[in-house]
Each structure stands twice: as structure tokens, then as C-alpha cells.
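Coordinate inspection notes
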Amino acid sequence: MEMDREDTDSTKRDIKSLTLAQLQGVMTEASQKSYRAKQLYEWMHVKLARDYEEMTNLPGTLKTFCREHFDYAALQLIKVQESRVDGTKKFLFALSDGNLIESVWMRYKHGNSVCISSQAGCRMGCRFCASTIDGLERNLLPSEMLDQIYAITRYTGERVSNVVVMGSGEPLDNYENLLCFIRLLTDENGLHISQRSVTVSTCGIVPMMYRLADEKLQITLALSLHAATDEKRRKLMPIANQYSLDELMRACTYYFQQTGRRITFEYSLAGGVNDTKEDVEKLVSLIKPLHAHINLIPINPVKERDFIRSGKEAVTVFKNKLEKNGINVTIRREMGQDIDGACGQLRRSHLLKRS
Ligand code: SAH
């Protein structure tokens, strides 16, 4: 048989990141009937098989072909921390190259939600965030984003109904893989999670927000705002040096126009930093025209960073002021407070212990 490019450079293709149509092409390559594609796809994306062994109705020749030509992403579960307060579970997984990532499972009234990572590490450098301290290790493949949900579904035995891409990493810095992941996750032949039940959170990479808007997906875009003036935002988030609030707000408006989906703003409250009366007044005038929803997140103090959480009273005053101005506000319910801390902290504490 002719050696294909993947064989010669020893990087195998990633089978769980292929669409059904692409898998049909694989069946032709493997001299198999095309209906096998659907069976294989179902094993991977509906029955959530961990490897080919489980795929009892597929011929041995096909499994051998796949093993030779493809990698099969299956995350290795390293650790689970379970909250005694609300049942929230934090998962630490190892990727096939040993990189570590974390994901969170939360139970809400309206269903189970999983928060996934989109990169191992992150290069955005937000000052309050633990995920970025050691920089970016690498982008996650679509299959590695999916497998966080699959592994958690197998572990809990319960269906996941909402997915938020709000774990470690900047999803719009891994754009192609993110899009492929969303397509597979929401595909009617796979888990078929509704696009409206998927939220992608970004620190605000403006050109990528325009690209995403043009895809006209029905997902929710969450924008990490955290400050209402350029000067303050630049102190918290290096990305603000590249794109001004003015450019960011225009991109948000465009996203809404193209998709009909309202943006959710995220605003992490750090005591004395961005939680004053002046801050909330500026915030009101910035976001009021967008009729958006705002999610306030009391900051999770990270050991290596010197931010403190806003006091209860400051949070209430902040919230009331927004509401008085007709802005829809929620305070992020603090799930799993007894088990964690902020994004990236479980991974980080594990890495520190190893070194
Ligand atoms: N890169 C994406 C996803 C990151 S995490 C983004 O920037 O949106 C999801 C949210 O948690 C972001 O709003 C992020 O700014 C916020 N966040 C990160 N670390 C935090 C901390 N220690 N306390 C509170 N919020 C934090």
C-alpha cells in the first residue's frame, strides 16, 4: 500500500475530530462500505467508546486500518474533586502527550453544565488568572475538547445539556479547532447539544469576534470585560492594549446584528480595583446601549496574584446600580467553593507538586 503523508511524517490523523462526511471518505480509503462511517461515528460520538475494542459491530479489518492510520483521543482521568456543598465536580485530565487540563461539571435546575478548557495553558496574560501564569503549552484538538464532555458524561452517567468554553485557554486563539468542536458537539448525529446551549467566552480578540459573527451560529458569546475604561482594562488584561473598548463594543454590536444573539458580559470584581461607584457608572454607560446581560464574578484570589475579592456590600451596591439602569445582572453562583479556587488552579497545584 502506498504510504500516505501521515505515515511518513509520523503524525497520525485524529479520528474523533472528523465530520461524518470526512469519515465516509475514510471508508472509501479503507475499502469499506460507506454505512460503516455512521456506525463508527456513533461509537465515538453517541456511545462514547473509549477505544476500538468496544466497537463490537465493526469488522476487524476496519479497526486495524483505523489503528494504523489514526490517533483516537481518550483523555486519562487523573483526579476528581467533588464538592460536598453542591455536587460540583472538578476533573483533572492528562492528554496523550502528558499535558494536563481541567474541566468542571455543575448541576443546575435546568440541567448539567460542563465547563471545558480550549488550550493547555494560555498566552493572554490576564493579571488575575491562574491559567496563564506559565504561558501557552498548546492548542487543544477538537477531539480533546469533546472528550472532556464525553469522559465526564461516562463518569457521571448523566447527560450534559450545557457546555461553556470558559476553562483554561482563549478559545478564539484556537479558532479552527473551536469551530470544528462546536460543529461536532451540536451535530444531530452526535451528542446533538443545541447551539443555544453552548457559550464561548473570550477576552476580546476583535478580528476573531467578527469572524465568529459571520459564521452565524446560535451560540452565546460571552465577553470578559472586567473594566469600563481602556486605561483600567489595560492594567488587567494585556489584550486591551491591542483593541480599544470602542472597537470591542463595535464588534459586540456586529455579533448581535449578525446572529440575533445578545452578548453576555463578564465582569470579575476585584476589591478596590474595579468595583467602585465610578466604575459602575462608567460600566452602565458602556453597556446600556447593547441591552446585554452582565454576569458579575467575585474574583477568586490566586496565590500568585495580589487581587482580593470585593466585599459583599460592594458587590450588592454594584449590582443594584446596574439593575436600576435596566441592565440584566446575575452574580455567578459560587459553585464548588470548597474544592477549588479559580480556573487553572487544580492543574497548577498538580504541576507544582510534580516539579
Ligand atoms: N479566555 C476566555 C475564557 C477564560 S475563563 C476569556 O477570557 O473569557 C472565564 C472567565 O473567568 C473570564 O471572564 C476570566 O476573565 C475569568 N477569570 C479568570 N480568572 C479569574 C479569577 N481568578 N477570578 C475571577 N474570574 C476569573
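Rules behind the numbers
- Residues numbered from 1 in each chain as written.
- Predicted model: local features only at pLDDT ≥ 70, side-chain atom pairs only at ≥ 80, totals over all residues.
- Heavy atoms only, no water.
- Near = heavy atom within 4 Å.
- Polar contact = N/O pair within 3.5 Å; in protein donor to acceptor, adjacent residues only side chain to side chain.
- Areas by Shrake-Rupley, 256 points an atom, 1.4 Å probe, with all protein chains shown as cover.
- Nonpolar A, V, L, I, M, F, W, Y, C, P; charged D, E, K, R; others polar.
- Pairing = 2+ DSSP bridges.
- Helix = DSSP H or I, 4+ residues; strand = E, 2+ residues; numbered from the N terminus.
- Axes fitted to C-alpha atoms, helices over the stretch in contact; angles between N-to-C directions.
- Contact = heavy atoms within 4.5 Å.
- Buried < 20%, exposed > 50% of the residue type's maximum accessible area, 1.4 Å probe, protein only.
- Arc of directions from axis to C-beta.
- Core = buried A, V, L, I, M, F, W, Y, C linked by side-chain atoms within 4.5 Å.
- Phe/Tyr/Trp six-rings, centres within 6.5 Å; stacked < 30°, edge-to-face > 60°.
- pLDDT = per-residue confidence, 0-100.
- Parallel < 35°, antiparallel > 145°, perpendicular 65-115°, else oblique.
- Left-handed = near helix turned anticlockwise from the far one by under 90°.
- Right-handed = clockwise from strand over helix to strand, strands pointing away.

Remarks on the site of the ligand
In the region of the ligand, 19 residues are neighbours, and Ser201, Ser224, His226, Ser268 and Asn300 sit closest. Contacts to the ligand include Glu266, whose side-chain N or O atom sits 3.4 Å from an oxygen atom. About the coverage of the ligand: the protein hides 95% of its 530 Å² of free accessible area. Of the residues contributing to the shell around the ligand, the split by class is 9 nonpolar, 8 polar and 2 charged.

As for the sheet that holds strand E12 (residues 264-269)
Paired through their backbone hydrogen bonds, the strands of a sheet run either parallel or antiparallel. Taken in spatial order, the 10 strands make up an open sheet running E3-E4-E5-E6-E9-E10-E11-E12-E13-E14, and their pairing is mixed. Only two strands of the sheet have a single neighbouring strand rather than two, namely strand E3 (76-82) and strand E14 (328-331). Neighbour-to-neighbour, the strand axes of the sheet open up by a mean angle of 20 degrees, direction not taken into account. The sheet contact formed by strand E6 (residues 111-115) and strand E9 (residues 162-165) spans 3 bridges and is parallel. Pairing of Ser113 across the sheet is with Asn162, part of E9. Set on the sheet, helix H5 (residues 142-156) makes contact with E3, strand E4 (89-94), strand E5 (100-108), E6 and E9; between it and E4 the angle comes to about 125 degrees.

A few points about the environment of Asp147
Relative to the assigned elements, Asp147 resides in helix H5. The spacing of Asp147 and Leu75 is 72 residues in sequence and 6.5 Å in space, taken between C-alpha atoms. Contacts of Asp147, omitting those with residues within four sequence positions, involve Lys16, Ala73, Ala74 and Leu75.

Focus: unusual backbone geometry
In this structure, Ser31 takes a positive phi of about 50 degrees despite not being glycine. Looking at the secondary structure, you find Ser31 in the loop between helix H2 (20-29) and helix H3 (35-45). Ser31 gets classed as exposed once you look at its relative accessible area, which sits at 67%. Positioned with a positive phi, His192 is a non-glycine residue whose angle comes to about 55 degrees.

What about helix H4 (residues 60-69)?
Within the span of H4, buried status applies to Leu62, Lys63, Phe65, Cys66 and His69. Across the axial projection of H4, the buried residues extend over an arc of 160 degrees, all falling on one side.

Digging into the nonpolar core
Residues Ile15, Leu40, Ile149, Phe181, Phe265, Ile294 and Leu322 are the most contacted members of the largest nonpolar core, which totals 102 residues. No other element matches helix H6 (residues 175-186), which puts 7 residues into this core. In contact with Phe265, not counting residues within four places along its chain, are Leu223, Leu225, Met249, Cys252, Ile287, Leu290, Ala292, His293, Ile294 and Asn295. Formed by 6 residues, the second largest nonpolar core is a distinct cluster that contains Val104, Val164, Met166 and Ala222.

Some details on the packing of aromatic side chains
On inspection of all chains with the given rule, the structure shows 6 aromatic pairs. Seen in terms of ring centroids, Phe91 and Phe93 are 5.9 Å apart; in terms of plane orientation they differ by 5 degrees. Their pairing is stacked. You'll find Phe91 and Phe93 in the same group, each marked buried. An angle of 45 degrees between the planes, with centres 4.9 Å apart, marks the rings of Tyr210 and Tyr254 as tilted. Note that Tyr210 is positioned in helix H7 (residues 206-215) and Tyr254 in helix H9 (residues 245-259), a separation of 44 residues in sequence. Overall, the relative accessible area of 29% leaves Tyr210 in the partly exposed class.

Structural notes on the confidence of the model for the chain
Detailed reading of the predicted coordinates is not advisable wherever pLDDT falls low. Averaged over all residues, the pLDDT of the chain is 93; the fraction at 70 or higher stands at 94%. Ignoring residues within four places in sequence, the model shows residues 1-9, a span with pLDDT below 50, making 10 contacts including any to other chains.

Points about the packing of H6 against H7
Direction vectors running N to C along H6 and H7 enclose 25 degrees, while the axes themselves pass 12 Å from each other. With respect to H7, the element H6 is oriented roughly parallel. Judged by the twist between their axes, the crossing of H6 over H7 is right-handed. Where H6 approaches H7, its residues Tyr175, Glu176, Leu179 and Arg183 are matched on the opposing element by Met208, Arg211, Leu212 and Glu215. Here the residues of the contact of H6 with H7 sort into 4 nonpolar, no polar and 4 charged.

Some details on the environment of Leu217
Structurally, Leu217 is set in the loop between H7 and strand E11 (220-224). Considering only alpha carbons, one finds Leu217 and Arg261, 44 residues apart in sequence, at a separation of 9.0 Å.

A short note on the environment of Gln258
With respect to the helices and strands, the residue Gln258 is situated in helix H9. Given a relative accessible area of 24%, Gln258 falls into the partly exposed group. Sequence-wise, Gln258 and Lys216 are 42 residues apart; in three dimensions their C-alpha atoms are separated by 6.3 Å. Setting aside anything within four residues of it in sequence, one finds Gln258 in contact with Ala213, Asp214 and Lys216.

Considerations on the pairing of E14
Two strands pair when backbone bridges link them, and strand E13 (residues 293-298) and E14 are joined in this way by 4 bridges, in the parallel orientation. Looking at E14, one finds that Leu296 is bridged to Ile331. In terms of handedness, the path from E13 via helix H11 (residues 312-324) over to E14 forms a crossover that is right-handed.

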